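Letter by letter, the chains look like this.
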Amino acid sequence: MLLNSLPLSGCGVIDHVRERTPHDPVARRLGELGFVPGEPVRVVAFGPLGRDPMAVEIGFTRFALRRSEAERIVLRTSEETLHAQDRGFSQDEIAGQE
């Protein structure tokens, strides 16, 4: 699953950032900002036109990402998110419920 496909309040755990080209500068910058494997992420808002940009939260930090940037972020499957509770999100948040 990709980050750009999560619904509002949807949560997941980052598996990896996919590079579109060798040495993709956007993918590299996402990693530098904290979009790294094992980090829980939650969608907190969408822009008014075409759901772009989207606001996501990692820890206590919020980022605005274009959907084209968010589609580079691959999330773990649901069974792998079971350990996300140890990283700061409750099971309800991981399931997209509040």
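**Q** Honestly, the confidence of the model for the protein chain in this entry has me stumped. Any pointers?
**A** Low pLDDT means the predicted atomic positions in that stretch should not be read closely. In the predicted model, the protein chain carries a mean pLDDT of 84, and 79% of its residues have values of at least 70. Across residues 94-98, where pLDDT falls below 50, the model places 10 contacts with residues more than four positions away in sequence or in other chains.

**Q** What exactly am I supposed to notice about the nonpolar core here?
**A** What tends to happen in soluble globular proteins is that the nonpolar side chains get buried as a cluster. Core analysis: the biggest nonpolar cluster contains 17 residues, and Leu3, Ile14, Phe35, Val41, Val56, Leu65 and Ile73 have the highest contact counts within it. Elements that contribute at least two residues to this core include exactly β1 (11-17), α1 (25-33), β2 (40-49), β3 (52-58), β4 (61-65) and β5 (73-75). Broken down by element, the residue count for this core peaks at three residues, all from β3. With sequence-adjacent residues up to four places away left out, Phe35 is seen in contact with Leu3, Ile14, Val17, Leu30, Val56, Ile58, Phe63, Leu65 and Ile73.

**Q** What is the right way to look at the packing of aromatic side chains in this model?
**A** Each aromatic ring pair is summarised here by two numbers: the centre-to-centre distance and the angle between the ring planes. Under the counting rule described, the total for this entry stands at one aromatic pair. When the centroid spacing of 5.2 Å and the interplanar angle of 55° are considered together, the rings of Phe35 and Phe63 count as tilted. Separated by 28 residues along the polypeptide, Phe35 in the loop between α1 and β2 and Phe63 in strand β4 bring together distant segments of the chain. Note on Phe63: relative accessible area 17%, which makes it buried. Seen from the ring of Phe46, Arg51 lies directly overhead, with NZ or CZ sitting 3.8 Å from the centre.

**Q** Please clarify how the pattern of salt bridges should be interpreted in this entry.
**A** With the rule as written, the count across this model stands at seven salt bridges. One salt bridge in this structure joins Arg72 and Asp24, with 2.9 Å as the shortest N-O distance. With Arg72 in the loop between α2 (67-70) and β5 and Asp24 in the loop between β1 and α1, the pair connects residues that are 48 residues apart, well separated along the chain. Across the pair, exposure class does not vary: Arg72 and Asp24 are buried alike. Between Arg28 and Glu32 there is a salt bridge, and its shortest N-O distance comes to 3.7 Å. Of the two residues, Arg28 and Glu32 are both situated in helix α1; the distance of four residues between them amounts to about one turn of the helix. For the residue pair Arg28 and Glu32, the accessibility class agrees, reading exposed in each case.

Criteria and thresholds
- Counting restarts for each chain, with residues numbered from 1 along the sequence as it is written.
- In keeping with the model being predicted, local features are shown solely for residues with a pLDDT of at least 70 and side-chain atom pairs are shown and tallied solely at 80 or more, while totals for entire chains, interfaces and linings include all residues.
- Hydrogen atoms and water are omitted, and side-chain values are computed over all heavy atoms in the structure.
- For every residue, the predictor reports its confidence as pLDDT, a number between 0 and 100.
- Contacts are assigned to residue pairs that have any heavy atoms within 4.5 Å of one another.
- Among the buried residues, those of types Ala, Val, Leu, Ile, Met, Phe, Trp, Tyr and Cys that are joined through side-chain atoms within 4.5 Å form a nonpolar core.
- Under the scheme applied here, a residue whose accessible area is under 20% of the maximum for its type counts as buried, over 50% as exposed, and between as partly exposed, the area being computed with a 1.4 Å probe on protein chains only.
- Here a strand is any run of E in DSSP of at least two residues, a helix any run of H or I of at least four, and the numbering for each starts at the N terminus.
- Centres within 6.5 Å make a pair out of two Phe, Tyr or Trp rings, where for Trp the six-membered ring is used; the pair is then stacked when the planes are under 30 degrees apart, edge-to-face when over 60, and tilted otherwise.
- Charge over a ring is defined by NZ of Lys or CZ of Arg lying within 6 Å of the ring centre and within 35 degrees of the ring normal.
- By definition here, a salt bridge exists when the distance from a side-chain nitrogen of Lys or Arg to a carboxyl oxygen of Asp or Glu is within 4 Å.

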